[in-house]
Amino acid sequence: MIFGEDRMVALSRRDFGKAAGLTAGLTAAPALLAGCSSGPSKSAQAVAAARSWRVSGKALAGLGSFDSTLKSFMQERNVTCGQLAVVRKGKLVLSRGYTYSDDSGLTTQPTSLFRIASLTKPVTATAVLRLVQDGKLKLTDRAATLLGLSTTADPRLKDVTVLRLLQHLGGWDRDITPDPMYRLDAKIAQTLGVSLPVSQANIMKYVSAQKLDHAPGTQYAYSNYGFQLLGRIIEKVTGKKYEDYVQQVVLGPRGITRMRQGRSLTKTTGEVPYYSTYSGATVFDNSGKTVPYPYGGFNLENMDSHGGWLATAMDLTRFAGIYDGGTSVLSSASIKQAFAKPETGINDDGWYYGCGWDVRPVTGGLNTWHTGGLPGTFTLMVRRYDGLTWAALFDQRQEGDAPSDGALDSALHKAANAVKTWPTGDLTSTYF
């Protein structure tokens, strides 16, 4: 699924399940771990029948099409927690939490925190572009030089620049070589002779000892590892923790105070639960213990700069407003760089990956977007050429033969197009 227009045109590399082969080595649970008291022995219809639909938050008049779209999407898939925020021309017009559950104690608020998965990438890209803007980093700087990575295994690693990392042109291809950020923890530990959990430094040492899949700059291949390196570059250049620098320079100036880094095994106050049909061996010790995949089947802490943030939907629409211009975070020149075509040009489907954003030229401007997915998480953020921005977050993603999450993109475009008269009010001061 490629987002950013009214129709799906291809399978996205950010659809982490099938595209990344993420289910390899996992065990399917007998039923969805959906927190329903009905239990695994009941049919899906019985589970759904026990659930009730609840909506929280605020929406200005005339936006009912968004509520009905989220209701249909979540009920068709038995998704427990969802969230949506909609901004039009800088004004927050809807901020909702949606709950579809038989647990009366579980109510999703517009302020509930969700793992946002790869919606982290535009955030990281913004921090990098700010360093470039401030003259502390150059897009032509070499990752291996900055981070002291060995280039003995593949001298082409010397050609991986900051810009190529931002545009997924570094040469790592998870369709060829398994993604080191998800499925190789045990192999990395065994190869290096260390115990689980592996560290980011362990991952970098392991990957640097392997050949690249492509010559840098020659082929787009979505790379979580490349954005993990960008996080380490931010720390190297600033002398600060990645999270601290982003909060100080990117989020703070926008009044975004709820966002924080997620944790694999513990929840922060107000964070939703996550549900997946899969379980697997813990990556946090060598016990081999089987755990629910969202809680120990992957190391969220290691994913800080490519998939680690927690946020609300309205935090993300507030963040996305940086790219509308007129803020202290990025200059117009930096925004132009974010959406510039890469050296590989526009692909056959009419879109390309800029610096942390998918970009599609359309009549009237650019549609820019990003998706995210983890076991227990599906996310979408869209900036439309006509001044509309929305973000949708869910605590469950498509697995097995469940209906595709990709249907949400066109459904939200249709919901927006169905609004006959847009309200003129602004809910921003209610939440920020």
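What you see is a predicted model, and the numbers here were worked out from it, not measured in a lab.

Reading the values: the criteria
Residues numbered from 1 in each chain as written. Predicted model: local features only at pLDDT ≥ 70, side-chain atom pairs only at ≥ 80, totals over all residues. Heavy atoms only, no water. Helix = DSSP H or I, 4+ residues; strand = E, 2+ residues; numbered from the N terminus. Buried < 20%, exposed > 50% of the residue type's maximum accessible area, 1.4 Å probe, protein only. Contact = heavy atoms within 4.5 Å. Areas by Shrake-Rupley, 256 points an atom, 1.4 Å probe, with all protein chains shown as cover. 1 Å grid on protein atoms, 1.4 Å probe; cavity = no way out; pocket = protein on both sides within 12 Å on 5 of 7 lines; lining within 4 Å. Points joined across faces, edges and corners; volume = space filled by probe spheres on them. Expected span 1.5 Å × (residues − 1). Pairing = 2+ DSSP bridges. Axes fitted to C-alpha atoms, helices over the stretch in contact; angles between N-to-C directions. Phe/Tyr/Trp six-rings, centres within 6.5 Å; stacked < 30°, edge-to-face > 60°. Lys NZ or Arg CZ within 6 Å of the ring centre and 35° of its normal. Core = buried A, V, L, I, M, F, W, Y, C linked by side-chain atoms within 4.5 Å. Parallel < 35°, antiparallel > 145°, perpendicular 65-115°, else oblique. Salt bridge = Lys/Arg side-chain N within 4 Å of Asp/Glu carboxyl O. Left-handed = near helix turned anticlockwise from the far one by under 90°. Polar contact = N/O pair within 3.5 Å; in protein donor to acceptor, adjacent residues only side chain to side chain.

For the chain, the helix and strand inventory stands at 15 helices and 14 strands. Counting over 432 residues, the chain shows a buried share of 58%. Here the analysis covers contacts within the chain between residues at least 6 apart in sequence; of these, 71% occur between residues at least 24 apart. Taken as a whole, the chain presents about 16200 Å² of accessible surface, with 50% of it coming from carbon and sulfur.

In this structure the tally under the stated criterion is two cavities of 30 Å³ or more. Here the largest cavity is characterised by a volume of approximately 170 Å³. Taken together, 17 residues make up the lining of the largest cavity; nearest its centre are W172, T177, P178, P180 and V207. Residue assignment for the lining of the largest cavity shows that the elements contributing at least two residues are α8 (200-208) and α9 (224-238).

Attention now moves to helix α3 (residues 64-77). Its 14 residues give α3 an end-to-end C-alpha distance of 20 Å, which sits within 8% of 20 Å, the value for a rise of 1.5 Å per residue. Taken together, the buried positions of α3 are occupied by S65, F66, D67, T69, L70, F73, M74 and R77. Taken together, the buried residues of α3 touch β2 (52-59), β3 (81-88), β4 (91-101), β13 (377-383), β14 (388-394) and α14 (407-417). One or two positions beyond α3, positive phi appears at N78, with a value near 55°.

Attention shifts here to the sheet that holds β13. Strand order across the open sheet formed by eight strands is β2-β4-β3-β14-β13-β12-β11-β10, with antiparallel pairing between neighbours. Lying at the two open borders of the sheet, with one neighbouring strand each, are β2 and β10 (352-353). Where β2 lies against β4, eight bridges are found, and the strand directions are antiparallel. If you follow V55 over to β4, its bridge partner there is Y98. α3 rests against β2, β3, β4, β13 and β14 of the sheet, and its axis sits at about 30° to β4.

Buried residues of α14: L408, D409, S410, L412, H413, A415 and A416, and no others. Here the buried face of α14 lies against α3, β3, β13 and β14.

Across the sheet, three strands lie side by side as β5-β9-β6; this open sheet has antiparallel pairing. Only two strands of the sheet have a single partner each, and these edge strands are β5 (114-115) and β6 (260-261). With two bridges joining them, β6 and strand β9 (residues 309-311) adopt antiparallel strand pairing. Note on β9: the bridge partner recorded for Q261 is W309.

On to the packing of aromatic side chains, then. All chains considered together, the criterion is met by 21 aromatic pairs. For the pair F66 and W422, a centre-to-centre distance of 6.2 Å together with 55° between the ring planes defines the contact as tilted. Of this pair, F66 sits in helix α3 while W422 sits in the loop between α14 and α15 (428-431), and the two are 356 residues apart along the sequence. Note on F66: relative accessible area 0%, which makes it buried. For W422, a relative accessible area of 15% gives the class buried. An aromatic cluster is built from Y220, Y222, W351, Y353 and W369, whose rings are joined through pairwise contacts. The ring centre of F432 lies 5.5 Å from the NZ or CZ of R318, which sits over that ring.

Generally speaking, a soluble globular protein has its nonpolar side chains buried in company with each other. With 117 residues, the main nonpolar core has F66, L84 and Y323 as its most contacted residues. Discounting residues that sit within four places of it in the chain, L84 has contacts with F66, L70, L94, S95, R96, Y98, A313, W390, A391, A392 and L412.

Here we come to the packing of helix α7 (residues 185-192) against α8. Two quantities define a packed helix pair, namely the angle between the helix axes and the distance between the axes. Running from N to C, α7 and α8 cross one another at 75°; their axes reach a closest spacing of 10 Å. On the basis of their axis angle, the class for α7 and α8 is roughly perpendicular. On α8, the residues that touch K187, I188, T191 and L192 of α7 are N202, I203, K205 and Y206.

The subject of this paragraph is the pattern of salt bridges. Taken as a whole, this structure holds 14 salt bridges when the rule is applied. When the shortest N-O distance is used, the salt bridge between D179 and R174 registers 3.7 Å. Overall, the relative accessible area of 8% leaves R174 in the buried class. Across the pair R232 and D304 runs a salt bridge whose closest N-O atoms are separated by 2.8 Å. Here R232 is found in helix α9, whereas its partner D304 is found in helix α11 (residues 304-307), with 72 residues between them in sequence. Exposure remark for D304: the relative accessible area of 9% places this residue in the buried category. Salt bridges here are not isolated pairs; linked through shared partners, they connect E76, R77 and D405.

Where α3 meets α14, the axes come as close as 8 Å, and the angle between the chain directions of the two elements is 160°. Of the possible angle classes, the one that applies to α3 and α14 is roughly antiparallel. α14 is crossed by α3, and the crossing has right-handed handedness. Across the interface between the two elements, S65, F66, T69, L70, F73 and R77 of α3 pack against A407, L408, A411, L412, A415 and A416 of α14.

Within the element layout of this structure, R360 appears in strand β11 (residues 358-362). There is a polar contact of 2.8 Å between the side chain of R360 and the backbone oxygen of D349.

What follows is about the environment of T290. With respect to the helices and strands, T290 occurs in strand β8 (residues 290-292). Overall, the relative accessible area of 54% leaves T290 in the exposed class. Through-space distance from the C-alpha of T290 to that of G280 is 5.1 Å; in sequence the pair is 10 residues apart. Leaving out residues up to four positions away in the same chain, T290 has contacts with S279, G280 and A281.

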